[in-house]
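Here is what each chain is made of, one letter per residue.
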Amino acid sequence: MERTLVIIKPGTLQRGLAGEIISRFEKRGLKLVAMKMKQLDQKILDVHYAHLKEKPFFPWLCDGMMAAPVILCCWEGFEAVKVVREMAGATNARKAVPGTIRGDYSMSAQENIVHTSDSLENAAIELDRFFTPEDYCDYPSPLNSYLYAPDEK
Ligand code: TYD
């Protein structure tokens, strides 16, 4: 099973959409294995968005990510990184396909509802950035036999 990071962005929380977004991942069959609310600061955003530091929109992006707390979620599932990434849709929500989270809830390239890890390698790095081993919860998944075939576990 793979694990991936979803950050429910401040604007999503402020719009009262956090529950709806979490629900979409639950309904898909992903398992929530860690979750916490956190106020991000510039220091952690400099690391998390290091690949965008030279972009003109970087200060606005950081302002948006610090405007209110975020909700950090670790979702687990078979090929979870790709599945979650595709559920989020294109970065620019105006280009995101309807049915994706961004395509259904946003009109913006910046205020685009969620961050999702873009690869298995980055998922591991990002999860370590925000969670400690004690944050992960191990609990039974009695519905797994309905969610997956035996060779998918
Ligand atoms: P990026 O890592 O390229 O995309 P994604 O979130 O889909 O993995 O960009 C990170 C965030 O930076 C993105 O979610 C919103 C912001 N951003 C902008 O505000 N404008 C832009 O043109 C881009 C590419 C990103």
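Trainee: Please explain the sheet that holds strand β2 (residues 31-38) as it appears in this structure.
Mentor: Think of a sheet as strands paired side by side through backbone hydrogen bonds, with each pair either parallel or antiparallel. With antiparallel pairing, four strands are arranged side by side in an open sheet as β2-β3-β1-β4. Among the strands making up the open sheet, the edge pair consists of β2 and β4 (114-116). Put simply, the sheet's adjacent strands are angled 20° from each other on average, direction ignored.

Trainee: What is the right way to look at the pattern of salt bridges in this model?
Mentor: Two side chains bearing opposite charge may form a pair once their charged atoms approach each other closely. According to the stated counting rule, one finds five salt bridges in the structure shown. A salt bridge links R3 to E76; its shortest N-O distance comes to 2.9 Å. Of this pair, R3 sits in strand β1 (residues 2-8) while E76 is found in strand β3 (residues 70-77), placing the two residues 73 residues apart along the sequence. Given the relative accessible area of 31%, R3 is considered partly exposed. Between D135 and K36 there is a salt bridge whose closest N-O contact spans 3.1 Å. Here D135 is found in the loop between α7 (120-130) and α8 (144-147), whereas its partner K36 is found in strand β2, with 99 residues between them in sequence.

Trainee: Looking at this structure, I do not really get the site of the ligand. What am I missing?
Mentor: Taken together, the residues surrounding the ligand are K9, Y49, H51, L52, F57, L61, R85, T91, R102, A109, Q110 and N112. Contacts to the ligand include K9, whose side-chain N or O atom sits 2.9 Å from an oxygen atom. One of the side-chain nitrogen or oxygen atoms of R85 is found 2.9 Å away from an oxygen atom of the ligand. Partitioning the shell around the ligand into residue classes produces five nonpolar, four polar and three charged.

Trainee: What's the story with helix α4 (residues 58-66) in this structure? I'm lost.
Mentor: Note that an α-helix has 3.6 residues per turn; residues three or four places apart therefore point the same way. Within the span of α4, buried status applies to F58, L61, C62, G64 and M65. One face of α4 carries all of its buried residues, which in axial projection span an arc of 160°. Summarising the contacts, the buried residues of α4 are in contact with β1, α1 (10-14), α3 (42-48) and β3.

Cut-off values and rules
- Residues numbered from 1 in each chain as written.
- Predicted model: local features only at pLDDT ≥ 70, side-chain atom pairs only at ≥ 80, totals over all residues.
- Heavy atoms only, no water.
- Pairing = 2+ DSSP bridges.
- Helix = DSSP H or I, 4+ residues; strand = E, 2+ residues; numbered from the N terminus.
- Axes fitted to C-alpha atoms, helices over the stretch in contact; angles between N-to-C directions.
- Salt bridge = Lys/Arg side-chain N within 4 Å of Asp/Glu carboxyl O.
- Buried < 20%, exposed > 50% of the residue type's maximum accessible area, 1.4 Å probe, protein only.
- Near = heavy atom within 4 Å.
- Polar contact = N/O pair within 3.5 Å; in protein donor to acceptor, adjacent residues only side chain to side chain.
- Nonpolar A, V, L, I, M, F, W, Y, C, P; charged D, E, K, R; others polar.
- Arc of directions from axis to C-beta.
- Contact = heavy atoms within 4.5 Å.

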